[in-house]
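Single-letter residue listing:
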Amino acid sequence: MMSEEKKENESAAENAADTADKEAGGEERVAASEGEPAAEPEKEAAAGKAPEQAKAEPDWKDMYARTLADFDNYRKRTARDREELVKFATSDAVKDMLPTADNLMIALDQAKDKEDPFVKGVRLAYEGFLKSLKDHGAEPFDSVGESLDPSRHEAIATLPSETIKEGRISAEIKRGWMLNGRLLRAAQVVVSSGKGQK
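Peer 1: Go over the pattern of salt bridges, please, and point to the residues and values.
Peer 2: Once the charged atoms of two side chains with opposite charge are near each other, the side chains can pair. Scanning the entire structure with this criterion turns up 10 salt bridges. Residue Arg182 pairs with Glu84 through a salt bridge whose shortest N-O separation is 2.9 Å. Placement of the pair is Arg182 in strand 5 (residues 182-185) and Glu84 in helix 2 (residues 60-88), with a sequence separation of 98 residues. Given a relative accessible area of 35%, Glu84 falls into the partly exposed group.

And the structure:
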C-alpha cells in the first residue's frame, strides 16, 4: 500500500514538473514571439542609422579635390598679382617724367628754325626720352579726330571747327599716355562744336 502511494506521489510530481516545464517553455516562446517585433524595429533603426552615419562622415576625396582646386586658384591669383605689381611698379616714376616730355614737345613745336643745330639736339633728346619711356611700357596715344571717350579723354573746352565734326576732338592740349595697356594719364582735349555761324 505504501509503495502504491509512493508511486502515485512520484507520478504526480513528474506530471507537475512536466506541466511546469511546458508552461515555462510556452512562456519563453511567447516572450520570444513577443520580443521578435521589438527586435525588428531595432534592426530597422540600425538600418536607418547607417545612411545617416554615412552622410555624417565627410567625403575625403571630395574635400581633397576642393582643397587642391582652391590652392591652385590661390597660386594663379598670387602669380597674377605679382606680375601686375612688376608691370605697374614704375607707374609713379613714369608719370612724374611726363611733364618733361610735354615741355620738350612744346619747345620743338615753338621752334622757328627746324634745321637749327640746337633744335635738332632737342629733337634727339626728346626722341631718346620717348624711347626710354617706351622701354618701360609707356606710350603716348593720339586723340585728334577721335570721338570723345571719357575713360581716356578730359575735355577742357568746346570750340567750333571748320574741319572736325561736332563731338570729335579738334585739338590736344596734353597728350594721353598708356602704361602696359592701362591708362596712365588722360589726354586734355578740346572738343569740336561743329562749324561756326557765319
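We are not done yet, so read on.
Peer 1: An account of the sheet that holds strand 2 (residues 153-159) is requested, with residue identities and associated values reported.
Peer 2: The strand order across the open sheet formed by three strands is 2-6-3, and the pairing between neighbours is mixed. Among the strands making up the open sheet, the edge pair consists of strand 2 and strand 3 (169-174). Within the sheet, the average angular offset between the axes of one strand and its neighbour, ignoring direction, is 30°. Direction of pairing for strand 3 relative to strand 6 (residues 187-192): antiparallel, over a ladder of four bridges. Bridge assignment links Ile169 to a residue of strand 6, and that residue is Val191.

Peer 1: Please give an account of the nonpolar core that cites residues and values.
Peer 2: Counting residues in hydrophobic clusters, the biggest one holds 16 residues, and the most contacted among them are Leu133, Ala138, Trp177 and Leu184. Mapped by element, the contributors of at least two residues to this core are helix 3 (91-110), helix 4 (117-135) and strand 4 (176-179). One finds Phe141, Ile169, Ala187 and Val189 within the second-largest nonpolar core, a separate group that totals five residues.

Peer 1: Can you explain the packing of helix 3 against helix 4? Please cite residues and give values.
Peer 2: Running from N to C, helix 3 and helix 4 cross one another at 150°; their axes reach a closest spacing of 10 Å. Taken together, the axes of helix 3 and helix 4 are roughly antiparallel relative to one another. For the pair helix 3 and helix 4, the crossing hand works out as left-handed. Packed against helix 3, whose contacting residues are Val94, Met97, Leu98, Thr100, Ala101, Leu104, Met105 and Leu108, the element helix 4 presents Val119, Val122, Arg123, Tyr126, Phe129 and Leu133 at the interface. Broken down by class, the residue content of the contact of helix 3 with helix 4 amounts to 12 nonpolar, one polar and one charged.

Peer 1: Tell me about the sheet that holds strand 4, residues and numbers included.
Peer 2: With respect to topology, three strands assemble into an open sheet ordered 1-4-5, the strand pairing being antiparallel. A single partner strand is all that each edge strand has here, and the edge strands are strand 1 (138-141) and strand 5. Here the average twist between neighbouring strands, direction ignored, is 40°. Relative to strand 5, strand 4 runs antiparallel, the two sharing three bridges. Bridge pairing links Met178 to Leu183 in strand 5.

Peer 1: Got a sec to walk through helix 3? Specific residues and values, please.
Peer 2: Along its 20 residues, helix 3 runs 29 Å from first to last C-alpha, staying within 8% of the 28 Å computed at 1.5 Å per residue. When we look at burial in helix 3, the residues that qualify are Ser91, Val94, Leu98, Ala101, Asp102, Leu104 and Leu108. Each element contacted by the buried residues of helix 3 is listed here: helix 2, helix 4, strand 1, strand 3, strand 4 and strand 5.

Peer 1: I'd like a rundown of the packing of aromatic side chains, residues and numbers included.
Peer 2: Taken as a whole and judged by the stated rule, the model has one aromatic pair. A ring pair is formed by Phe71 and Tyr74, whose centres lie 6.5 Å apart and whose planes are at 35°; its orientation type is tilted. Note that Phe71 and Tyr74 are positioned in helix 2 at a spacing of three residues, about one turn of the helix. When its relative accessible area of 52% is taken as the criterion, Phe71 is described as exposed. One Lys or Arg, Arg152, reaches over the ring of Phe141 and ends 4.1 Å from the middle of that ring. A cation sits over an aromatic face here: Arg182 above Phe88, 3.8 Å from the ring centre.

Rules behind the numbers
- Note on numbering: residues in each chain are counted from 1, in written sequence order.
- Predicted model: local features are reported for residues with pLDDT of at least 70 only, side-chain atom pairs are reported and counted for 80 or more only, and whole-chain, interface and lining totals are derived from all residues.
- Only hydrogens and water are removed before side-chain values are computed, so all heavy atoms of the structure are retained for them.
- Definition used for salt bridges: Asp or Glu carboxyl oxygen within 4 Å of a side-chain nitrogen of Lys or Arg.
- By the criteria applied, helices consist of DSSP H or I runs no shorter than four residues and strands consist of E runs no shorter than two, each listed in order from the N terminus.
- The cut-offs for exposure are 20% and 50% of the maximum accessible area for each residue type, with area from a 1.4 Å probe on protein chains only; residues under the lower value are buried, those over the upper are exposed, and the others partly exposed.
- Two strands pair if DSSP finds at least two bridges between them.
- Axis angles are defined between N-to-C directions and span 0 to 180 degrees, where every axis is a line fitted to C-alpha atoms and, for a helix, only to the segment in contact.
- The definition of a nonpolar core used throughout is a set of buried Ala, Val, Leu, Ile, Met, Phe, Trp, Tyr and Cys residues joined through side-chain atoms within 4.5 Å.
- Should an angle fall under 35 degrees it is called roughly parallel, over 145 degrees roughly antiparallel, and 65 to 115 degrees roughly perpendicular, with every other angle called oblique.
- Each helix crossing is assigned a hand: it is left-handed if the near helix lies turned anticlockwise from the far helix by less than a right angle, otherwise right-handed if that turn is clockwise.
- We call two residues in contact when some of their heavy atoms are within 4.5 Å.
- Under the scheme applied, nonpolar residues are Ala, Val, Leu, Ile, Met, Phe, Trp, Tyr, Cys and Pro; charged residues are Asp, Glu, Lys and Arg; polar residues are all the others, including Gly.
- Expected helix span is given by 1.5 Å per residue-to-residue step, counting one fewer step than there are residues.
- Within 6.5 Å between ring centres, the rings of Phe, Tyr and Trp (the latter by its six-membered ring) count as paired, and their orientation is classed by plane angle as stacked under 30 degrees, edge-to-face over 60, tilted in between.
- The rule is short: NZ of Lys or CZ of Arg within 6 Å of the ring centre and within 35 degrees of the ring normal puts a charge over the ring.

Keep in mind that these numbers describe shape and distance, not what the molecule does.
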